[in-house]
Structures are given as C-alpha cells and as structure tokens.
Amino acid sequence: MRGRQRVTDMVLSLAVIGVLVGAIYFFIPHDDSATAEKDAVRTVDTRVEIITARRAAPYPVAAPEGLSKTWRPTSVSYKASDDGKGGAWHLGMLDPEQEYAAVEQSDAPAKQFIQDVTLGADKVAGQQAVGSKKWDRYQGNTYKALVHEEPGVTTVVAGTAPYGRLAELAAALVAKKG
C-alpha cells in the first residue's frame, strides 16, 4: 500500500507541474516567428561614428552608400592606435539573407591585420572585380573575405556572406576623409 501512494503522489505532482508549465507558456508572450529571429540582432545608427572616424583616421574611411534598406548595420567602431597616428575602422552588417558582412580598415601592417580580421583566412586563387578595382579573395573556416591594399590603408570586406554579397558591399563603399 505504501509503495502505491508514493507513485500516485509523484504522478499527481508531475501533473500539477505540467499544468503550471502549460499555463505559463500560454500566458507569457513569446514570438517564434522568423521576424522575431531577424529582430533579435539590434540595428545601430552609424552616422555619428562614420563622421567621427573620418575625422580621426589618417586615411579615407570607407563606408557604404546606396545599399538597400535590407542591409542592416549591427556594429560600428573606430579604435585609434596606441601612438595616435592610425587606427582600425569596423562596420558590421547583416545582408538581406541575414548573413554577416563587415568592413574593416587599418593602416597597420597588412599581413597581420588581414589575418586578424579574417580569423586566419588564407589567400586563394582568383580575384574579385569590384568596379574598376581587383580585390584579392581569402577563404577561411569561418569567413570569406575580399581584400584591397592601397598605400597607407588596407580594406577588408569579410564575413559569412557569399563572395557576391561581399562584392556588393565592397562596391557600395565610398572612402572619404573628414
């Protein structure tokens, strides 16, 4: 008799807990839609950071102009170098398919900068034509990247987005000095 009461009590306790969990799930608002997943990443305003970086950087800072509204900026920063004579520009975005793409620029030594921002990607054969410029392609375990080196600045467009989307972002870049 005693063994049955324990099993019966346990089953009743689980039933009560199940009803409470169901009520909580039913009455607490939640959104499992694709829109909720898209909105989980915060969109940031880049205007002030772009102006500030263009004033502070010793090189023309590249930022996209004319991209569709389906590209969403998610992070932006400019970090001056320790000696105050250079720095690194970063603008992270989500493309229309919610893939990550970032613009990275620096006047630091190109080889190490490219390794850092591409997360160790290696240069691969072939180049990507973007407007009148040729960009080197890099491929890594995490990121693909397009790299363009000029005297005084290296520009990298890297991310999980396919090369076509990275090229679209690179084509929209306008480099200006503030």
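A. Geometry of the pattern of salt bridges. Inspection of the entire model under this criterion finds 7 salt bridges. A salt bridge links Asp45 to Arg47; the nearest nitrogen and oxygen atoms lie 2.7 Å apart. Accessibility expressed as a relative area gives 47% for Asp45, which makes it partly exposed. A relative accessible area of 59% means that Arg47 is categorised as exposed. In this structure, the salt-bridge partner of Arg165 is Glu168, at a minimum N-O distance of 2.8 Å. Of this pair, Arg165 and Glu168 are both found in helix H5 (residues 163–172), 3 residues apart, which corresponds to roughly one turn of the helix. According to the relative accessible area criterion, Glu168 is partly exposed, its value standing at 32%. Each member of the salt-bridge network shares a partner with another, and the members are Asp95, Glu97, Arg165 and Glu168.

B. Looking closely at the nonpolar core. Membership of the largest hydrophobic core comes to 28 residues, with the highest contact counts inside it found for Tyr59, Trp89, Trp135, Val157, Leu166 and Leu169. Going through the elements one at a time, helix H3 (47–56), strand E1 (61–64), strand E2 (72–80), strand E3 (87–94), strand E4 (100–106), strand E8 (153–159) and H5 are the ones with two or more residues in this core. In terms of residue count, H5 provides more of this core than any other element does, 5 residues in total. The residues contacting Leu166, other than those within four sequence positions of it, are Ala101, Lys144, Ala145, Leu146, Val157, Ala158, Gly159 and Ala161. With 11 residues, the next largest nonpolar core counts Ala110, Tyr143, Ala145 and Val156 among its residues.

C. Representation of the packing of aromatic side chains in the model. Within the structure shown, the criterion is met by 1 aromatic pair. The ring of Tyr163 has Arg137 lying over it, and the distance from NZ or CZ to the ring centre is 4.2 Å.

D. Fine view of the sheet that holds E4. Strand order in the open sheet formed by 7 strands is E2-E3-E4-E8-E7-E6-E5, and the pairing between neighbours is antiparallel. Strand pairing shows two members of the sheet lacking a second neighbour, E2 and strand E5 (122–130), which therefore form its edges. Shown here is a sheet whose adjacent strand axes are inclined to one another by a mean of 20°, direction ignored. Pairing analysis gives 6 bridges linking E4 to E8, with the strands arranged antiparallel. Counterpart to Gln105 in the pairing with E8 is Thr155. Contacts from H3 reach E2 and E3 within the one sheet, and its direction differs from that of E2 by about 25°. Each of E4, strand E6 (133–139), strand E7 (144–150) and E8 touches helix H4 (residues 110–117); the most contacted strand, E8, lies at about 15° to it.

What counts, and where the lines are drawn
Residues numbered from 1 in each chain as written. Predicted model: local features only at pLDDT ≥ 70, side-chain atom pairs only at ≥ 80, totals over all residues. Heavy atoms only, no water. Salt bridge = Lys/Arg side-chain N within 4 Å of Asp/Glu carboxyl O. Buried < 20%, exposed > 50% of the residue type's maximum accessible area, 1.4 Å probe, protein only. Helix = DSSP H or I, 4+ residues; strand = E, 2+ residues; numbered from the N terminus. Core = buried A, V, L, I, M, F, W, Y, C linked by side-chain atoms within 4.5 Å. Contact = heavy atoms within 4.5 Å. Phe/Tyr/Trp six-rings, centres within 6.5 Å; stacked < 30°, edge-to-face > 60°. Lys NZ or Arg CZ within 6 Å of the ring centre and 35° of its normal. Pairing = 2+ DSSP bridges. Axes fitted to C-alpha atoms, helices over the stretch in contact; angles between N-to-C directions.

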